[in-house]
Amino acid sequence: MCGISGTIYSSDYNPGILVSTEELFKLFDQVVNGSALTSSLLDMAWKYKSNINFIRYCKSTSERKKIKLLCNKISDYSEKRKSNLSLIDKSSSLDLYKAQVKEWECLVDAHWFFSNELDKTRYLIENLAKLPSTDISDASLVLFRDITKIIHAIDNRLELRGRDSFGLSVMLSSSHFDLEKIDESRAETNREEVFYSKGKKSGTYSFVFKACNSIGGLGDNANEIKELIKDNELFLDLLKSGKVSSATIMGHTRWASVGEVSFANTHPIGLVDSCNNKDASHVLSCLNGDIYNYKEIIADAKNTQVLSTDDSICTSDCLAVSAFLLGKKDVTINTISQMAADFIGSYAIGIQHSDTPEKLFLVKKGIQGLYLGFSYDGVLFASDVYGLVETCRYFVP
């Protein structure tokens, strides 16, 4: 099995729900005196994950000190509640015991978020940006955070489904990009790819980072992706510029079924309409599952298009997705529906296209999993719920 995850960023980002530390301490006191349930504290923790609070946490030393104090209080109270569990007679009060265990678990989950998740994300952003979070603009912080969400969704979560390779694609769009930097970004390797398309209203950069290891441990591929990001100065400059109007982000972890384990077969797989034309469109795709008639789809595309990737080297059936969309302008839901009708198999697909850089297309057919997760400030998708649980409070189906 493979795993996919992704999200969408806008410079006009959703701030989410404002939660002050005063509200948190007040609610905690109510939990301690019995006038509020611990589940209400956990709910408040989920709301505190909103962008508006995360930005404040990153920018304010005072905020971080207050949250640390809250963590200590929750930890102490959690230990007290845990000790009280042993005093309950389960033989006569099993329902009470279960209810108290659930209450204690809410405390543990709230403490985990405040003590671990906030700083884990902040430290990763600062490590990638090579800047303290106080020196990063609010919009750029949110963009970096959205990228880390997808890295975390794969790292030690979705990669449990398969981990011979990990690919991350980030499509950035803006009307203010410096076109002089385009040619400087063309020094590609098999571990990194850069695509650029100049539209009528904006320019779109797409960066693809790849890690590929037949043998290795959980987290190894994610660590390689992080290092590639840190070494890509153009990518970091764009993220930190504050000029990105929209972005789509996709991550994919692979367990090879069609095509050998290689960088060429690591998803996302990208194709360009014309390699030497800066106005040419480009498309990136991820696949979980199998497309049984992929060879026919690729052959049909080659009748009218020149593939910018050699299909004797890239032998994954995912290539059929990008190949099908080559030459197609104004990609819409109808275009994607026609593709799904033509593809035989069972699959979940994620698609980024430079003609619609602010959109991310998803396709599901057959038994492959595909879930949408919702938080108070955004939406993610993943092939399994454990790619969403850290970020999203709710999910469907």
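Our subject is the structure that appears above.
Residues numbered from 1 in each chain as written. Predicted model: local features only at pLDDT ≥ 70, side-chain atom pairs only at ≥ 80, totals over all residues. Heavy atoms only, no water.

S.K.: So what's going on with the overall build of the chain? Residues and values would help.
M.R.: Each helix and strand in the chain was counted, giving 11 helices and 12 strands. Computed over its C-alpha atoms, the radius of gyration of the chain comes to 23 Å, within 12% of the 21 Å expected for a compact globule of 397 residues. Taking the principal axes of the C-alpha coordinates as reference, the chain spans close to 75 × 50 × 40 Å. At a minimum sequence separation of 6, the contacts of the chain that also span at least 24 residues come to 71%. With an accessible surface of roughly 17,300 Å², the chain has 52% of that area assigned to carbon and sulfur atoms. (Helix = DSSP H or I, 4+ residues; strand = E, 2+ residues; numbered from the N terminus. Rg over C-alpha atoms; globule rule 2.2 N^0.38 Å. Contact = heavy atoms within 4.5 Å. Areas by Shrake-Rupley, 256 points an atom, 1.4 Å probe, with all protein chains shown as cover.)

S.K.: Describe the packing of aromatic side chains, listing the residues and the values that go with them.
M.R.: Taken as a whole, this structure holds 12 aromatic pairs when the rule is applied. Both rings, one in Phe 113 and one in Phe 114, keep their centres 5.1 Å apart while their planes meet at 55°; by these two values the pair is tilted. The exposure classification of Phe 113 matches that of Phe 114, with both residues buried. Members of the aromatic cluster, each reached through a chain of ring pairs, are Tyr 196, Tyr 205, Phe 207, Phe 209 and Phe 235. Lying across the ring of Trp 46, Lys 49 places its NZ or CZ 3.8 Å from the centre. (Phe/Tyr/Trp six-rings, centres within 6.5 Å; stacked < 30°, edge-to-face > 60°. Buried < 20%, exposed > 50% of the residue type's maximum accessible area, 1.4 Å probe, protein only. Lys NZ or Arg CZ within 6 Å of the ring centre and 35° of its normal.)

S.K.: Outline the pattern of salt bridges, listing residues and values.
M.R.: Pairs can form between side chains of opposite charge whenever their charged atoms are close. Under the defined criterion, the tally for this structure stands at 20 salt bridges. Residue Lys 120 is joined to Glu 390 by a salt bridge in which the shortest nitrogen-to-oxygen separation is 2.7 Å. Of this pair, Lys 120 sits in helix 5 (residues 94-129) while Glu 390 sits in the loop between strand 11 (379-382) and strand 12 (394-396), and the two are 270 residues apart along the sequence. Among the residues examined, Lys 120 registers a relative accessible area of 27% and is labelled partly exposed. What you see here is one network of salt bridges that share partners, running through Arg 145, Asp 146, Lys 149 and Asp 377. (Salt bridge = Lys/Arg side-chain N within 4 Å of Asp/Glu carboxyl O.)

S.K.: Go over unusual backbone geometry, please, and point to the residues and values.
M.R.: Across the junction of His 267 and Pro 268, the peptide omega takes the value 0°, indicating a cis bond. Here Pro 268 lies in the loop between strand 5 (246-254) and strand 6 (269-272). Residue Pro 397 follows Val 396 across a cis peptide bond; omega there is 0°. Mapped onto the fold, Pro 397 is located in the segment after strand 12. Even without glycine at this site, Lys 130 takes up a positive phi of about 60°. Structurally, the position occupied by Lys 130 is in the loop between helix 5 and helix 6 (138-154). A positive phi angle, near 50°, is found at Asp 330, a position not held by glycine. Residue position: Asp 330 is located in the loop between helix 10 (319-325) and helix 11 (333-342). With relative accessibility at 64%, the residue Asp 330 sits in the exposed group.

S.K.: Help me get a handle on the nonpolar core, residues and values and all.
M.R.: Counting 70 residues, the largest nonpolar core has Phe 114, Leu 168 and Leu 172 as its most contacted members. With 10 residues, helix 5 is the single largest residue contributor to this core. Excluding anything up to four places from it in sequence, Leu 168 contacts Ile 147, Ile 150, Ile 151, Phe 207, Val 208, Phe 209, Ile 225, Ile 229, Ile 249, Met 250, Gly 251 and Pro 268. Core analysis: the second largest hydrophobic core is formed by 29 residues, Ile 291, Leu 307, Leu 326 and Met 339 among them. (Core = buried A, V, L, I, M, F, W, Y, C linked by side-chain atoms within 4.5 Å.)

S.K.: Tell me about the sheet that holds strand 5, residues and numbers included.
M.R.: Taken in spatial order, the eight strands make up an open sheet running 3-4-2-5-1-11-10-12, and their pairing is antiparallel. Looking at strand neighbours, the two that pair on one side only are strand 3 (192-198) and strand 12, the edges of this open sheet. The average angle at which neighbouring strand axes cross in this sheet is 15°, direction not considered. As paired strands, strand 3 and strand 4 (residues 203-212) are joined by seven bridges and run antiparallel to one another. Considered in strand 4, the bridge of Glu 193 is made with Val 208. The sheet strands contacting helix 6 are strand 1 (3-10), strand 2 (165-174), strand 5 and strand 11, and the helix crosses strand 1 at an angle near 170°. Sitting on the sheet, helix 7 (residues 220-231) touches strand 2, strand 3 and strand 4, and the angle it makes with strand 4 is about 140°. (Pairing = 2+ DSSP bridges. Axes fitted to C-alpha atoms, helices over the stretch in contact; angles between N-to-C directions.)

S.K.: With reference to specific residues and values, describe the side chain of Asn 53.
M.R.: Locating Asn 53 in the fold gives a position in helix 3 (residues 51-59). A polar contact of 2.8 Å, which involves the side chain of Asn 53, links it to the backbone oxygen of Ile 17. Each residue touching Asn 53, except ones within four places of it in the same chain, is listed here: Ile 17, Leu 18, Val 19, Lys 47 and Tyr 48. (Polar contact = N/O pair within 3.5 Å; in protein donor to acceptor, adjacent residues only side chain to side chain.)

S.K.: Before we move on, could you go through a nonpolar patch on the surface and cite the residues and values that matter?
M.R.: On the surface, a nonpolar cluster with roughly 410 Å² of combined accessible area is contributed by Leu 372, Phe 374, Val 379, Tyr 394 and Val 396. Elements that contribute at least two residues to the nonpolar patch include exactly strand 10 (371-374) and strand 12. Tracing the backbone shows Leu 372 in strand 10. (Patch = residues over 30% accessible without salt bridge, like charges linked within 9 Å, V, L, I, M, F, W, Y side chains within 5 Å.)

S.K.: Can you lay out the pairing of strand 4 for me, pointing to particular residues and giving the numbers?
M.R.: Across the 10 residues of strand 4, 10 count as buried, placing the element largely inside the fold. One ladder, built from 10 bridges, connects strand 2 with strand 4; its direction is antiparallel. What sits directly across from Met 171, in strand 4, is Ser 206.

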